[in-house]
Amino acid sequence: MTERLLYVEGLSVSFDGFKALDISYFGLNERELRVVIGPNGAGKTTFMDVLCGKTKPDTGKALLRDRDLLQMDEKGIVDLGVGRKFQTPSVFGSLTVFENLLLARKADRGIFRSLFGTLAGSERDKLVAVSETVGLAQELDLSAGLLSHGQKQWLEIGMLLVMEPDLMLIDEPAAGMTDEETHKTGELLKALSKERSVIVIEHDMEFVRQLDSLVTVLCEGRVLTEGTMEKVQNDPAVIEQYLGRAREKKKEESRA
Ligand SMILES: Nc1ncnc2c1ncn2[C@@H]1O[C@H](COP(=O)(O)OP(=O)(O)OP(=O)(O)O)[C@@H](O)[C@H]1O
Ligand SMILES: [Mg+2]
């Protein structure tokens, strides 16, 4: 049986009278991977901002299981098990990969006393396991500043993972990555969603195809359609509003 993790209804956000988000319904199951696509300014990031408590909506409901996210602050939402990754990576470059993971763990547990206090073996094992999951086991002692852009993104995903979230919100993870890094990221996200739910915002259609999950198309703040990539990419409204434009843009870029 699939159980619902997230239930969103009538969610709207306005900025100075401009409606950036207007989602009548959005549902996500436990251990579901969902991709959100849509043109620039469609409201994708704003949707994540609302789910993690960064932006307060004007109207609507957002329930995680039976808990009302809109009544909670950002910290409360993290504690409830929602982890958010922003568009640009923000790791501590002068600390090692291991120290970055440790810091995320300690921040989550509220034990900030010292970075290098005694660490239980089981805690260390957990961090090492996370580094293996995100493909950084060989880089544990390397300064994070020396990682490639893709590796920094993976480290940040690792820093979310140590908090053991039930829902991960990941904004454009593949932006700026090489093809190989993009592919690895896709496999990582698919693996992660076997144990928790993941919402990914993405523009790279090749990557979206690889994720092989349900796709929600946002446009001007609304859900334009939802379905498999196959269904969505053949939807005339999607082609008109988004894919057509994206293709034109790509053509222009390749001409430039
Ligand atoms: N804090 C803000 N104040 C005013 N307007 C905002 C704010 N945040 C977002 N917007 C506007 O809301 C709309 C939706 O923005 P949002 O960043 O959610 O789009 P997006 O789908 O993530 O786009 P992109 O693909 O470019 O990242 C845009 O028109 C944007 O300019
Ligand atoms: Mg965005």
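Please refer to the structure placed before this passage.
Just so it is clear, the model here is predicted, and its values are computed rather than measured. (Residues numbered from 1 in each chain as written. Chains lettered and ligands numbered in written order. Predicted model: local features only at pLDDT ≥ 70, side-chain atom pairs only at ≥ 80, totals over all residues. Heavy atoms only, no water.)

Caption draft 1: Expanded view of unusual backbone geometry. The phi dihedral of Asp-16 falls on the positive side, at around 50 degrees, and the residue is not glycine. If you trace the backbone, Asp-16 turns up in the loop between β1 (4-15) and β2 (18-29). The backbone of Glu-164 sits at a positive phi, close to 50 degrees, despite the residue not being glycine. Relative to the helices and strands, Glu-164 resides in the loop between α5 (149-161) and β7 (167-171). On the basis of relative accessibility, which here comes to 44%, the residue Glu-164 falls in the partly exposed class. (Helix = DSSP H or I, 4+ residues; strand = E, 2+ residues; numbered from the N terminus. Buried < 20%, exposed > 50% of the residue type's maximum accessible area, 1.4 Å probe, protein only.)

Caption draft 2: Inspection of the packing of aromatic side chains at higher detail. Under the counting rule described, the total for this entry stands at 2 aromatic pairs. Ring plane angle 65 degrees and centroid distance 5.8 Å describe the contact between Tyr-7 and Tyr-25, whose orientation is recorded as edge-to-face. Taken together, the residues Tyr-7 in strand β1 and Tyr-25 in strand β2 connect sequence positions 18 residues apart. Relative to Phe-47, the ring of Phe-26 has its centre 5.0 Å away and its plane inclined at 75 degrees; by these criteria the two rings are edge-to-face. Taken together, the positions of Phe-26 in strand β2 and Phe-47 in helix α1 (residues 44-51) put the pair 21 residues apart, joining distant regions of the chain. Judged by relative accessible area, which is 1%, Phe-26 ranks as buried. (Phe/Tyr/Trp six-rings, centres within 6.5 Å; stacked < 30°, edge-to-face > 60°.)

Caption draft 3: Representation of the site of ligand 1 within the structure. What surrounds ligand 1 is a group of 14 residues, the closest being Gly-41, Lys-44, Thr-45, Thr-46 and His-203. Lys-44 places a side-chain nitrogen or oxygen 2.7 Å from an oxygen atom of ligand 1. Interatomic distance of 2.8 Å between a side-chain N/O atom of Thr-45 and an oxygen atom of ligand 1. Protein contacts shield 61% of the accessible area of ligand 1, which totals 640 Å² for the unbound molecule. (Near = heavy atom within 4 Å. Polar contact = N/O pair within 3.5 Å; in protein donor to acceptor, adjacent residues only side chain to side chain. Areas by Shrake-Rupley, 256 points an atom, 1.4 Å probe, with all protein chains shown as cover.)

Caption draft 4: Fine view of the side chain of Glu-32. Mapped onto the elements, Glu-32 comes out in the loop between β2 and β3 (33-37). Within the local environment of Glu-32, its side chain forms a polar contact with the side chain of Arg-34, the two groups lying 2.9 Å apart. Every residue in contact with Glu-32, bar those within four places of it in the chain, is listed here: Ser-193, Arg-196, Ser-197, Val-198 and Leu-214. (Contact = heavy atoms within 4.5 Å.)

Caption draft 5: Spatial organisation of the sheet that holds β3. Here 6 strands make up an open sheet; going across it, the order is β6-β7-β8-β3-β9-β10 and the pairing mixed. Two strands close off the open sheet at either side, each with one partner strand: β6 (82-85) and β10 (222-227). Taking each pair of neighbouring strands and ignoring which way they run, the sheet shows an average axis angle of 20 degrees. In terms of strand pairing, strand β9 (residues 214-219) meets β10 through 5 bridges, oriented antiparallel. Note that in β10 the partner of Cys-219 across the bridge is Arg-222. (Pairing = 2+ DSSP bridges. Axes fitted to C-alpha atoms, helices over the stretch in contact; angles between N-to-C directions.)

Caption draft 6: View of the pairing of β6. Neither face of β6 is exposed, since Val-82 and Arg-84 on one face and Gly-83 and Lys-85 on the opposite face are all buried. With 4 bridges connecting them, β6 and β7 associate as parallel partners. Directly across from Lys-85, in β7, lies its bridge partner Ile-170.

Caption draft 7: Molecular detail of the environment of Phe-92. Considering the arrangement of structural elements, one finds Phe-92 in the loop between β6 and α3 (97-109). Classification of Phe-92 by relative accessible area gives partly exposed; the value is 44%. Residues contacting Phe-92, with those up to four places away along its chain left out, are Asn-100, Leu-103 and Ala-144.

Caption draft 8: Up close: α5. Along its 13 residues, α5 runs 19 Å from first to last C-alpha, staying within 8% of the 18 Å computed at 1.5 Å per residue. Taken residue by residue, α5 has Gly-150, Gln-151, Gln-153, Trp-154, Leu-155, Glu-156, Ile-157, Gly-158, Met-159, Leu-160 and Leu-161 as its buried positions. (Expected span 1.5 Å × (residues − 1).)

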